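Listed below, chain by chain, are the residues.
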Amino acid sequence: MESTACRAEVVRQERKEALGRARTAGDRTGEGRMLASLGLVQARLGRQPEAFDSLRHALRIQRRTGDRSAQAETLSYLADLHHEAGTHHRALARGEQALAIATDIGERGLRARTLNGVGGALLALSRPEPAKARYEAARDVAFEIGDRLQHALALEGVGRCLDDSGAARGDWVTESPAEWSWTWHDVFGPGCSRYCSP
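My aim in this report is to walk through the structure given alongside it, one point at a time.

How each quantity is defined
- All residue numbers here refer to positions counted from 1 along the written sequence of the relevant chain.
- Local features are withheld for residues below a pLDDT of 70 in this predicted model, meaning they are given only at 70 or higher, and side-chain atom pairs are given and counted only at 80 or more; totals for whole chains, interfaces and linings count all residues.
- To get the side-chain values, take all heavy atoms of the structure and skip hydrogens and water.
- Between N-to-C directions, angles span 0 to 180 degrees; the directions come from axes that are lines fitted to C-alpha atoms, helices contributing only their stretch in contact.
- Think of it this way: any DSSP run of H or I at least four residues long counts as a helix, any run of E at least two long counts as a strand, and we number them from the N terminus.
- In what follows, roughly perpendicular refers to angles from 65 to 115 degrees, roughly parallel to angles under 35, roughly antiparallel to angles over 145, and oblique to any angle outside these ranges.
- The handedness criterion is simple: a crossing whose near helix is rotated anticlockwise from the far helix by less than a right angle is left-handed, and one whose near helix is rotated clockwise is right-handed.
- Two residues qualify as a contact provided that any one of their heavy atoms is within 4.5 Å of a heavy atom in the partner residue.
- Only protein atoms enter the 1 Å grid used here. Points where a 1.4 Å probe fits but cannot escape make up a cavity, open sets with protein on both sides within 12 Å along at least five of seven lines make up a pocket, and a residue lines them when an atom lies within 4 Å of a point.
- Grid points are joined across faces, edges and corners, and a volume is the space filled by probe spheres set on the points.
- Any residue outside Ala, Val, Leu, Ile, Met, Phe, Trp, Tyr, Cys, Pro, Asp, Glu, Lys and Arg is labelled polar, Gly included; the first ten of those are nonpolar and the last four are charged.
- Definition used for salt bridges: Asp or Glu carboxyl oxygen within 4 Å of a side-chain nitrogen of Lys or Arg.
- Only protein chains enter the accessibility calculation, which uses a 1.4 Å probe; a residue is then buried when its area is under 20% of its type maximum, exposed when over 50%, and partly exposed in between.

**Comments concerning the packing of helix H6 (residues 108-124) against helix H8 (residues 148-165)**
Here H6 crosses H8 at 20°, and the two axes come no closer than 10 Å. On the basis of their axis angle, the class for H6 and H8 is roughly parallel. Considering only the axes of H6 and H8, their crossing is left-handed. Across from Ala112, Arg113, Asn116 and Leu123 in H6, the residues of H8 making contact are Gln150, Leu153, Ala154, Arg160, Cys161 and Asp164.

**Details of empty space enclosed by the protein**
Summed over all chains, the structure comprises one cavity of 30 Å³ or more. Of the voids in this model, the largest cavity is the one considered here, and its volume is about 50 Å³. As for the largest cavity, its lining consists of Ser76, Ala79, Asp80, Gly95, Arg113, Thr114, Gly117 and Val118. For the lining of the largest cavity, the secondary structure elements donating two or more residues are helix H4 (68-85) and H6. Sorting elements by how many residues they give to the lining of the largest cavity places H6 first, with four residues. Each residue belonging to the lining of the largest cavity can be placed in one class, and the counts come to two nonpolar, four polar and two charged.

**Observations concerning the layout of surface pockets**
One number sums up the size of the largest pocket: a volume of about 340 Å³. Forming the walls of the largest pocket are 17 residues, and the residues nearest its centre are Asp80, Arg113, Asn116, Gly117 and Leu153. When contributions to the lining of the largest pocket are tallied by element, the ones reaching two or more residues are H4, H6 and H8. No other element matches H6, which puts six residues into the lining of the largest pocket. Tallied by class, the residues present in the lining of the largest pocket amount to seven nonpolar, five polar and five charged. Lining of the second largest pocket is provided by Gly39, Leu40, Ala43, Arg44, Leu55, Tyr77, Asp80, Leu81, Glu84 and Arg113. Among the elements of the structure, helix H2 (28-44) and H4 are those that each provide at least two residues to the lining of the second largest pocket. Of the residues that constitute the lining of the second largest pocket, the class distribution is five nonpolar, one polar and four charged.

**Observations regarding the pattern of salt bridges**
The final tally for this structure, using the stated rule, is ten salt bridges. Between arginine 28 and glutamate 31 there is a salt bridge; the shortest N-O distance is 3.0 Å. Of this pair, arginine 28 and glutamate 31 both sit in helix H2, separated by three residues, roughly a single helical turn. Residue glutamate 31 is classed as buried on the basis of its relative accessible area, which comes to 6%. Ionic pairing is found between arginine 134 and glutamate 96, a salt bridge with its closest N-O pair at 3.0 Å. Of this pair, arginine 134 sits in helix H7 (residues 128-145) while glutamate 96 sits in helix H5 (residues 88-105); the two residues are 38 residues apart in sequence, bridging distant segments of the chain. Judged by relative accessible area, glutamate 96 falls into the partly exposed class, the value being 29%.

Note that all results are geometric; they support no functional claim without further evidence.
Here's what the structure looks like:
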């Protein structure tokens, strides 16, 4: 069976070829997007310095071309990389930039994901209260758009913030039993009924 690393390497080669085609065609928007995609694959392969270079280059192009949606995505990817590298202040700065653009252009899916990322950076910086506010905002947006993954991550984040701040579980479960049960059914599906029924 082909390993994940082998598949990622194949994808990396495909992205490099697509990047070359975009450059040959003079497609600056496509070049910026392909560079960002290449950066993601490089990160997956553990090539963090290359990933940072690709994403920063992508961001410069996206700013020149005015591709704001791609800018927000790339800033979010850079925030994730900084978070993984332990440079949480930079993760926070990039995440806040991504969040501002996502909010401005109405990209709610990206906004939910970026709010979760900003919450993670704040929590890593020992700031549980503002982190909790970001996670709660992510939870609400994800709920509205039906994004179960980001909703689950936001709920987990709220719990980690409260654990970090020493709050008791009973202080943050404010929903009624029916609402709480629906939330977990929505995240995990009907298979969780034996665990999360009120």
